[in-house]
Amino acid sequence: MHNKPIRFRFRLSEVRHKEQLTGPHSYSTRMLSWGENCQQGFRLRDGSNVSAGDGVHLLNLGFDITDLSAGHSVLAFIKSNGDAAIIRTTESQDGRRVRGKQKLVKCREKIQAVFCDDHTVTLLSKGGKVLFVDTTRTYIPRPLEAFCNIPVSQVACGSQHSVALTKGGQVYTWGRNSRGQLGLGRSETFIDSPQRLGGLSALPLVLVAAGGEQSFALCVSGAVLGWGRNDCGQLGLGDKADRPKPTPVCYLNTKKSSHISCGKEHTAVLTKNGAVFTFGSGQYGQLGHNSFCDELRPRLVAELFGAKVTKIACGWHHTLVLTESRRVHSFGRGECGQLGHAEESHPSVPLPVQLPQDTNHGPIIENIYAGGNCSFATSVKEAQEESNTARVSNVTTDVIDKWVSECNSKSWKKIKGEILRTFSSASSMNQIFLDQSNDKHLQTSSKYCGLNMSHARHSFKKLSRKDHVLAEVQDAVLLLLPSLDEMPEGVEGLRIFLLLNELLHWIQRHGTRGTSTTLTEAVAAAAQRLSAESLQVLGDWWSSQTSSTKVRHVGVWKKALSEILCSHPVPRGPRLRNLLLVLQNMYNANGRVAEHQRIPEQTFCVEVSQIFLEEDLRIWRSMSNMKVLDNRPFVLCNFPFVMDLKSKKMAFDIYARNTKRAHQPMIPYGPATESYFFLGLKLKRASLLEGTFKQLAAAHPPDLKKPLAVYYDEDPKLTDVNKRDLFHHLFRKMVSPGSGTFMFNDSETLAWFPSTANEEDKTHFFLFGVLCGLALWNNSVIHLPFPLVLFKKLLGVEPTLEDLKEFSPDVGKSLQCILNYDEDELIKLDWDFIINWDGTEVCLDPRNPKKLLTVLNKKEFVDAYVSHAFNASVEAVFEEFKRGFFRVCDRDPVTLFRPEELQGLLVGQDVYEWAKLKQNTVWDLCFGSSNKQMFWEVFDELTEDQRKDFLWFLTGSRRVPILGMDQVRMEVQVPQLQNGQGYDQHFPGALTCHSILYLPLYSSKEIMREKLTEALITERVFSM
C-alpha cells in the first residue's frame, strides 16, 4: 500500500529568512542528491555526476542554488541571481516516474524562495510578492491577488494547503481544510482565497511551516502553535484530536524552538541549542527514537546527543539533520534510497549519510532539503557562518532617535510611515521590546513576559518629547486596537497590553487630555474582551514588574477614572465599567503575590466627592430590586478597592444615616414618643450589663437600625455622652480576662471565642454581636481586643498562619518551624495530628487518629491547626456573633472595608499626633493668647497616659479615630457660671459628642494643671 508515492511535498527552506536565502556567494555550489530520481532533470556539466555507492550523487551544477522544493510531480529551485527553474515529473506507461528537463520561469521579479505541492509552484519574490505557477498549463507565474498590496515574508505548503506569513506579522491560509489545517475554525473543506488567521495577530511570528494536513507557527520567543490533523500526534499536543484553530504546543514551552519542519504525519522541531524534538507517526522510524511507535508529545532525539544540529528537513516519511560539524544524518523510510546509507542499516536511529569524495577533501554542506522520497543538500568549498537566531524587529534606539530628530517634510513623510507600520501592528510592537539579554525572551511563559520594560520606558519617554511624533503614535495605536484578537492563541500576544500601559503613561504626561483619555478608554475596552485566563496571565506578568512600574501603570487608569468621576453626570456605562475592571484585575494580581512584592493598597484609591457618593449609594441600594443583571449600572461601591478609607467611611455613614431615616416614621400613629425615632435603652447604673442585654433581646429587629439613645436612672435627658459611656464601660467589663466570657492568649492581650458553649452562651454571643454592630452603626469606638482574624471572618476572608502568629506567637512560630523542617527533623519531632486547643485535646484528622506528621503532610497539618483554632472550634458561637452583628449593620456597606479597616473603625488606632490636635483646635473669642499658651504648656507637661485620658475625657475614647487625629476637632469654650462664682473653683468639663472642652479662665498655670489632672482621674464607676 506504500509502493506508490502519495502526492505531497516537504521542504526545509520554506522557513528561512530572506537574509539567509539571498546572501552573496563567491563560491560554486555543488548539490548532492539521493532518493527517487535523484540525479535526473538537472543540467549538469560533463562528468560532474559522482556516486558514493549508496545512491548519493554529487552534481556540479555550474550555478549556485539558494532554495529548493520538491513535490510529487514537480521540483523547483532558485538560482543565486534570483531566477527560478522548474522540473516536471511524469509517469510513463510502465509506471516509472521520470523527470523532464529544467525550464526557466518567465518572471521579471527576482525570486527569493520557492514552494511546491502536487502540480503547482508558489514563488516568493524579494519584494514580498506571491506568484503562482500551474505547471500543468504554463510556466508563466501569475500574482496571487489577495497579496497584491500585502508584502509576504514566508510561505509554507502542505499536501493541498498553504500558509503565508506577511511582513506585518499576519498569517493567511488557503486550500483544502478537510482536517482543520487552515486554522480558521470553520467547516468548509476548501477555501481558494487566502484568509487571515484570527488569534495570531498579536504574536511576534517569525516562521510558518506545513506538512501533510498540519500547520505550525513559531514565535520569536520560541513558542510553537499547531493546528490541523493530529491522528498520529503530529501536532504534539498529547492526544490524537484534530485542532481546527491554532493551539499552543505547551510541551515545547521554554525549549527555545528556532525551526520547524513537517512530514506527512510527523513533525521535527530544532532548538537554538541544537537539540531536535520529533513527534507524530513513527511507522517508518522517522522520529529517530529507535522505535516505530507514534509519539503524541515532542520527544528529544536522544541518539543525536552531543551533535549540535543546525538544520532539519522532513520528507514524506523520513527526516534529515545537519550537524554543526557539517555531517548529514537521516532516519525513517528508505526504500527509494532517500536515507543515503546502506539498505541493511537500522532506519529508526540517526545514521550518517554516505557522502561522495570527489577530491582530497569532502564537501562542506550548507543546506539540506527533503521532499517526498527525495533528499538534497548543497555544498560549498568554504564553510559559511551558521545562525539559528530568529530575526527580530529592526526598530532600534537609533531609529527612534531619528524619529524625534529635526527633519524635512520628505523625511517626515517616511517617518510617519514607519511609525504607522510599527505601532499599528501588535506583532511589530511585540518584537521591538523583547528582552534578548541571555535569551531571556526564549523563556516566555504564563509567569514571565519576556519583555525589556526598561527599554520600552526609555523609548516611549523619547517619543513623548515631540508632540507631533506622539500624535502619530496615538493615531497608529487607535488603528491597532480594533484588530486585537479577543482570544489570542498562546500568551505572547498579551505582551501588547503591558506595552500599551507603559505607553499610556507617557501619553498622559505629555499628550492632550482628551486624546489620552480616549486612547486609555479604548485600551481598557480591548482588555475587557480578553478571556479570564488571559487576564490572569496579564495580571501575573504585571505583578512581577518593579514596584515603580506597577505604580506608574495603576496611575494611568486612576487618572482616566478620576476624569470620568469629574464628569457631570458621571457615565455609568462601558466607559466606567472597563476602567474599573482593569483596575480590578491589577488589584487582584497584586493580592496574589507575596506581601513584600505588593504595592500598597492605597495606590489604587481615588478621591470621591460626597455628592457622587450619595448618588452612587442611591443607585447601589436600588440595584437589589433589579431583576435583569446585565442592565445594572456600574457603581463605585461595587469596586471598594478604588475608594480610599475616607470615602468608604463617608459612604458607610451616608448609608447608615439614610437607613436610620428610613426606619423612622414620618408621621407616627398616636402620640409621638422617642421610641418612634430611636432605639431607646433605659438603664440603671447598678445593673448596666443585665439591663442592656435584656432590652436588646426584646427589641424588634427593625428598631436596631434606628439611632441609639441611652438613658440612665430615669433621667430623661438625651445626650451622646450616655451612649459613649455605655460602650466604654460595657466592653471594658465584658472583654476582660476576669469576665470568663472569652479565652485569652498567654499574654492576656488578645481575646478569642471559647471552644465550648451552651445554648445560653450562644444567646450571649448573639447579643455581643448586636452590641458590636450598634457601636459601628452609631459611630462609636469600643474596647475590642480581638485579633484581625475576627474581622476577616466577618468579611468572609479565610484565616491564615499569620493570624495564629498574631494571637499566639509561640504556637505560630512552632508551626512555621514545622513548615521549614525537612524529613529528618520531622522524624525526630515525632508528632501526630493530635493537638491541645483551649484546654481540650483535638484530633485534626478524625478519620485517621494515628496519623503521623511527615514532610508530605506538614502543610496539611498547619492548615488544619489554623482552621480548627479559628473555624471549627468556634463555629457555633461565632455564627451567633456574626448573626447579631449583621442584625444591626447591613452587609453591603460593611463589605466596603478591608479587615484591617473594619477593625480600625471599631477600635480606632493608637497613632497619637498631638500636634494635629493643637493645629485643629478652635478657641472661643474670650480666650486670649496667654490663656491658650497656658493650656498648651499644661498639656505638654502631661504624661502620655494622661494625654490619652484627656482624649477619653474629650471624645469618650482613649483611641484615635481610624482616619487619624484630623477627625478630632476640639472646640474650647468658657463655661457659664452663676453670678458671684469664680473660675478657679471649677473643674474643666466636656461635651464628648461634639468634642467641646469647657475650660474655665484660670488665674494661674498651677491651678489649671491641678484642676485638669484631677478631672482626668475622676471617672464615674458603674456597678456592672
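Residues numbered from 1 in each chain as written. Predicted model: local features only at pLDDT ≥ 70, side-chain atom pairs only at ≥ 80, totals over all residues. Heavy atoms only, no water.

### A word on the overall build of the protein
For the record, the criterion: A run of H or I in DSSP counts as a helix once it spans at least four residues, and a run of E counts as a strand once it spans at least two, with each numbered from the N terminus. Only protein chains enter the accessibility calculation, which uses a 1.4 Å probe; a residue whose area is less than 20% of its type maximum is buried, one above 50% is exposed, and one in between is partly exposed. In this analysis, two residues are considered to be in contact whenever any of their non-hydrogen atoms come within 4.5 Å of each other.
A tally of helices and strands in the protein yields 28 helices and 40 strands. In the protein, buried positions account for 55% of the 1024 residues. Expressed as a percentage of contacts within the protein between residues at least 6 apart in sequence, the contacts between residues at least 24 apart total 64%.

### Section: the confidence of the model for the protein
For clarity, the threshold we go by: The predictor attaches a confidence to each residue, and that confidence, scored 0 to 100, is pLDDT.
Confidence in the prediction for the protein averages 87 pLDDT; 90% of positions are at 70 or higher. When mean pLDDT is taken per element in the protein, strand S23 (residues 276–280) scores highest with 98 and helix H1 (residues 18–21) scores lowest with 34. Counting interchain partners and residues more than four positions distant, the pLDDT-below-50 stretch residues 1–27 has 116 contacts. In this model, residues 1019–1024 is a region of pLDDT below 50 whose contacts with residues beyond four sequence positions or in other chains number 21 contacts.

### Describing the pairing of strand S3 (residues 57–60)
Put simply, the test is: Whether two strands pair comes down to DSSP finding at least two bridges between them.
Neither face of S3 is open: one carries His57 and Leu59, the other Leu58 and Asn60, and all of them are buried. Pairing of strand S1 (residues 30–35) with S3 involves four bridges; the strand directions are antiparallel. Across the sheet, the residue bridging to Met31 is Leu59, located in S3.

### Some remarks on the sheet that holds strand S10 (residues 120–125)
One open sheet accounts for four strands, arranged S9-S10-S11-S12; its pairing is antiparallel. Looking along the sheet, the strands with just one partner apiece sit at the ends: strand S9 (111–116) and strand S12 (142–143). Across five bridges, the pairing between S10 and strand S11 (residues 130–134) is antiparallel. Residue Leu123 lies in a different strand from S11, and its bridge partner there is Leu131.

### Re the side chain of Glu265
When you line up the elements, Glu265 lands in the loop between strand S21 (257–262) and strand S22 (266–271). The contacts of Glu265, once residues within four sequence positions are left out, are Gln214, Cys232, Gln234, Gly280, Ser281 and His317.

### Focus: the packing of aromatic side chains
Rules: Here is the rule: rings of Phe, Tyr and Trp (six-membered ring for Trp) pair when centre to centre is within 6.5 Å. Planes less than 30 degrees apart are stacked, more than 60 are edge-to-face, and the remainder are tilted. Counting as a charge over the ring demands two things of the Lys NZ or Arg CZ atom: a distance within 6 Å of the ring centre and an angle within 35 degrees of the ring normal.
Counted according to the given criterion, the structure contains 46 aromatic pairs. When the ring of Phe753 is compared with that of Phe878, the centres are 5.8 Å apart and the planes differ by 80°; the resulting orientation is edge-to-face. Linking Phe753 in the loop between strand S34 (751–752) and helix H16 (759–777) with Phe878 in helix H22 (residues 875–888), this pair joins segments that are 125 residues apart in sequence. Its guanidinium or amino end placed over the ring of Tyr712, Arg685 lies 4.3 Å from that ring's centre, counting from NZ or CZ.

### Concerning the pattern of salt bridges
Rule in force here: Each salt bridge in this description consists of a side-chain nitrogen of Lys or Arg and a carboxyl oxygen of Asp or Glu lying within 4 Å of one another.
One pass over the full model with this rule turns up 48 salt bridges. The salt bridge involving Lys762 is made with Glu759; its shortest N-O contact spans 3.3 Å. With Lys762 and Glu759 both in helix H16, this residue pair falls three residues apart, about one helical turn. The partly exposed category is assigned to Lys762, whose relative accessible area is 22%. For Asp940, the salt bridge identified is with Lys918, shortest N-O distance 2.7 Å. With a gap of 22 residues between them, Asp940 in helix H26 (residues 929–941) and Lys918 in helix H25 (residues 914–920) connect regions that are remote in the sequence. According to the relative accessible area criterion, Asp940 is partly exposed, its value standing at 37%. Residues joined in a network through salt bridges with shared partners are Glu601, Lys648, Arg898, Glu900 and Glu901.

### Observations regarding a negative patch on the surface
As a reminder of what qualifies: In this analysis, a patch consists of residues with relative accessible area above 30% that form no salt bridge, clustered at 9 Å for like charges and at 5 Å for the nonpolar side chains Val, Leu, Ile, Met, Phe, Trp and Tyr. Only the protein chains shown count as cover for residues, and the accessible areas themselves come from Shrake-Rupley with a 1.4 Å probe. His residues and chain termini do not enter the charge count, which takes Lys and Arg as positive and Asp and Glu as negative. Taken as the charge centre is NZ of Lys, CZ of Arg, CG of Asp or CD of Glu, depending on the residue.
On the surface, Asp822, Glu823, Asp824 and Glu825 cluster together into a patch of negative charge. Considering the arrangement of structural elements, one finds Glu825 in helix H20 (residues 823–829).

### Some points on helix H2 (residues 397–404)
Heads up, the condition is: Read the arc as the range of directions from the helix axis to the C-beta atoms.
Buried within H2 we find Val399, Ile400, Trp403 and Val404. The arc that holds the buried residues of H2, viewed along the axis, is 135°, so those residues lie on one side. The elements touched by buried residues of H2 are helix H3 (409–423), helix H5 (453–463) and helix H6 (467–480).

### Structural notes on the packing of H16 against helix H24 (residues 899–907)
Selection criterion: Structural elements are reduced to axes, namely lines fitted to C-alpha atoms, with helices fitted over the stretch in contact, and the angle between N-to-C directions of any two is expressed from 0 to 180 degrees. For classification purposes, angles smaller than 35 degrees are called roughly parallel, those larger than 145 roughly antiparallel, those between 65 and 115 roughly perpendicular, and all remaining angles oblique. Residues are sorted three ways: Asp, Glu, Lys and Arg are charged, Ala, Val, Leu, Ile, Met, Phe, Trp, Tyr, Cys and Pro are nonpolar, and all the rest, Gly among them, are polar.
Direction vectors running N to C along H16 and H24 enclose 85°, while the axes themselves pass 9 Å from each other. Between H16 and H24, the interaxial angle falls into the category roughly perpendicular. Between H16 and H24, the residues in contact are Cys772, Ala775 and Leu776 and Leu902, Leu905 and Leu906, respectively. Here the residues of the contact of H16 with H24 sort into six nonpolar, no polar and no charged.

### A look at the sheet that holds strand S40 (residues 996–998)
Taken together, four strands build an open sheet; the order of strands is S37-S38-S40-S39 and the sheet is mixed. The sheet is open, and its two borders are formed by strand S37 (922–923) and strand S39 (989–991), each paired with just one other strand. In the sheet, S39 pairs with S40 via three bridges, with the strands oriented antiparallel. Looking across to S40, one finds that Leu991 is bridged to Ile996.

### Here's the deal with unusual backbone geometry
The omega torsion across His568 and Pro569 is -5°, close enough to zero to call that bond cis. One can find Pro569 in the loop between helix H10 (547–565) and helix H11 (574–592). Even without a glycine there, the phi angle at Glu748 is positive, about 55°. Mapped onto the secondary structure, Glu748 falls in the loop between strand S33 (743–744) and S34. A positive phi angle, near 55°, is found at Ser995, a position not held by glycine.

### Regarding helix H19 (residues 809–820)
Spelled out, the test is: Expected helix span is given by 1.5 Å per residue-to-residue step, counting one fewer step than there are residues.
Here H19 spans 16 Å end to end across 12 residues, near enough to the 16 Å set by a 1.5 Å rise per residue. Buried positions along H19 lie against helix H18 (801–807), H20 and helix H21 (858–870).

### Some remarks on the nonpolar core
Within soluble globular proteins, side chains that are nonpolar generally end up buried alongside one another. Selection criterion: The term nonpolar core refers to a set of buried residues drawn from Ala, Val, Leu, Ile, Met, Phe, Trp, Tyr and Cys, joined through side-chain atoms within 4.5 Å.
Core analysis: the largest hydrophobic core is formed by 183 residues, its most contacted members being Phe753 and Leu784. No other element matches the 11 residues that H16 contributes to this core. The residues touching Phe753, leaving out its near neighbours within four places in the chain, are Phe742, Met743, Phe765, Phe786, Leu790, Val874, Val877, Phe878 and Phe881. Formed by 29 residues, the second largest nonpolar core is a distinct cluster that contains Trp914, Phe935, Val974 and Leu997.

### Points about the pairing of S11
With four of five residues buried, S11 lies mostly within the body of the structure. The sheet contact formed by S11 and S12 spans two bridges and is antiparallel. Within the sheet, the bridge partner assigned to Leu131 lies in S12 and is Pro143.

### Observations concerning the environment of Leu917
For Leu917, the location among the structural elements is in helix H25. Put simply, Leu917 and Gln967 are 50 residues apart on the chain and 9.0 Å apart in space, counted from C-alpha to C-alpha. With sequence-adjacent residues up to four places away left out, Leu917 is seen in contact with Trp936, Phe939, Phe950, Met965, Val968 and Met970.

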